[in-house]
Amino acid sequence: MPDFISSPGLFVKEQKPRPVGGFRGALYNLTGGAWNLGPGPKQRQEDELARRISRQLQGSYNTAILSLKGGIGKTSTTVGVGLTLAEYRGDAPCAIDANPDSGDLVERALGEGIYQQSTPRTISDLLENIDSIDSLTSLARYMHHAGRLHLIAGEQDPEVSDSLTAEEYRRIRKLISSYYSVVLTDCGTGVTHNAMSGILQSADNLVIAAGYAVSGAKRARSTLHWLASHGYEDLARNAIVVITDKDEVSSRVDKDAIEEHLAGICRELIAVPHDRGVADGDLVTLDVLKPETRRAYKEIAAAIVDGYR
């Protein structure tokens, strides 16, 4: 026979999770919790996404976000997903701006005004002093913070920004891996600039940014084919393609056909709806985004963490 010591759970009724919002939440609040119907299907789906995002990890993992075309939501995806990871994970994530074309990752996360007022530390400053960094405290001097999302700014000097090499990126990645379990790398456009071989070799999975245009879909497909034919078959096969409706394309564009064109050559395809909070090219904050946009970023974050094995 079971007893309280060996099987205490058998003597306690399982309590249903508290419903939030909707009829179930209202009924729970009105009855002071006496009537608890439990979460509805929508809340259960949200809770499952949160569980996947917050999964405890052993080690450090890196996701590269890249595209073959600028202005299609790559950096906004990095910020939106980074902020979402920071919201749901117990450990703070890190995002690195490795864009060789004067990337604006930190400006999109902090707002240009705040960034200009802060100490303008960049990835070049970090590299210059990397041998002296031996703690998270000393590393923090080269970081910027958007809430719990920690960021390394890209080099803004166009004569310097394209000088980051594959070996330099690997040194940064090795340092960051000592302190962060989840790292996002905003790669810029293209797959052949100096640092890309180092980024791809250290990536655990990829996010390929695309847009709702025939040219954008072709470029995303070309990116995956290039990866598969240059020794990165696993990264291509397990890539997450994110289509951002940044420019609110006309009704003449067959979105379903574009999604179908890309869905069969990647692990997962996720669409981010048109949202002024993303499309304006300015500060990205979760609280001003549409619920559908936030949901898409949660799905991307969950898919990224699912890929860490």
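Fair warning: this is a prediction, and the values are worked out from it, not measured in the lab. (Residues numbered from 1 in each chain as written. Predicted model: local features only at pLDDT ≥ 70, side-chain atom pairs only at ≥ 80, totals over all residues. Heavy atoms only, no water.)

### Some remarks on the nonpolar core
Ranked by internal contacts, the top residues of the largest apolar core, which has 45 residues, are I96, I172, I176, L206 and I208. Counting 39 residues, the second largest nonpolar core, distinct from the first, contains L85, A95, V106 and V182. (Core = buried A, V, L, I, M, F, W, Y, C linked by side-chain atoms within 4.5 Å. Buried < 20%, exposed > 50% of the residue type's maximum accessible area, 1.4 Å probe, protein only.)

### Notes on the pairing of strand β7 (residues 240-244)
For a regular strand, side chains alternate in direction, first toward one face of the sheet and then toward the other. Summarising burial for β7: five of the five residues are buried, a large majority. Judged by which residues are buried, β7 turns out to be covered on both faces: I240, V242 and T244 on one side and V241 and I243 on the other are all buried. With five bridges connecting them, strand β6 (residues 205-211) and β7 associate as parallel partners. From the neighbouring strand, I208 faces β7, where its bridge partner is V241. Across five bridges, β7 lies against strand β8 (residues 268-272) in parallel orientation. (Helix = DSSP H or I, 4+ residues; strand = E, 2+ residues; numbered from the N terminus. Pairing = 2+ DSSP bridges.)

### Quick notes on the sheet that holds strand β4 (residues 149-152)
What the eight strands build is an open sheet, ordered β3-β4-β2-β5-β1-β6-β7-β8; its pairing is mixed. If you trace the sheet from one side to the other, it starts and ends with β3 (144-146) and β8, each paired once. The average undirected angle you get between the axes of adjacent strands in this sheet is 25°. Across six bridges, strand β1 (residues 61-67) lies against strand β5 (residues 182-189) in parallel orientation. Note on β5: the bridge partner recorded for T63 is L184. Packing of helix α9 (residues 166-177) onto the sheet brings it into contact with β1, β2 (94-97), β4 and β5, and relative to β2 it is tilted by some 165°. In the packing of helix α15 (residues 291-306) onto the sheet, contacts are made with β1, β5, β6, β7 and β8, and the angle to β8 comes to roughly 155°. (Axes fitted to C-alpha atoms, helices over the stretch in contact; angles between N-to-C directions. Contact = heavy atoms within 4.5 Å.)

That's the geometry; what it means functionally is another story.
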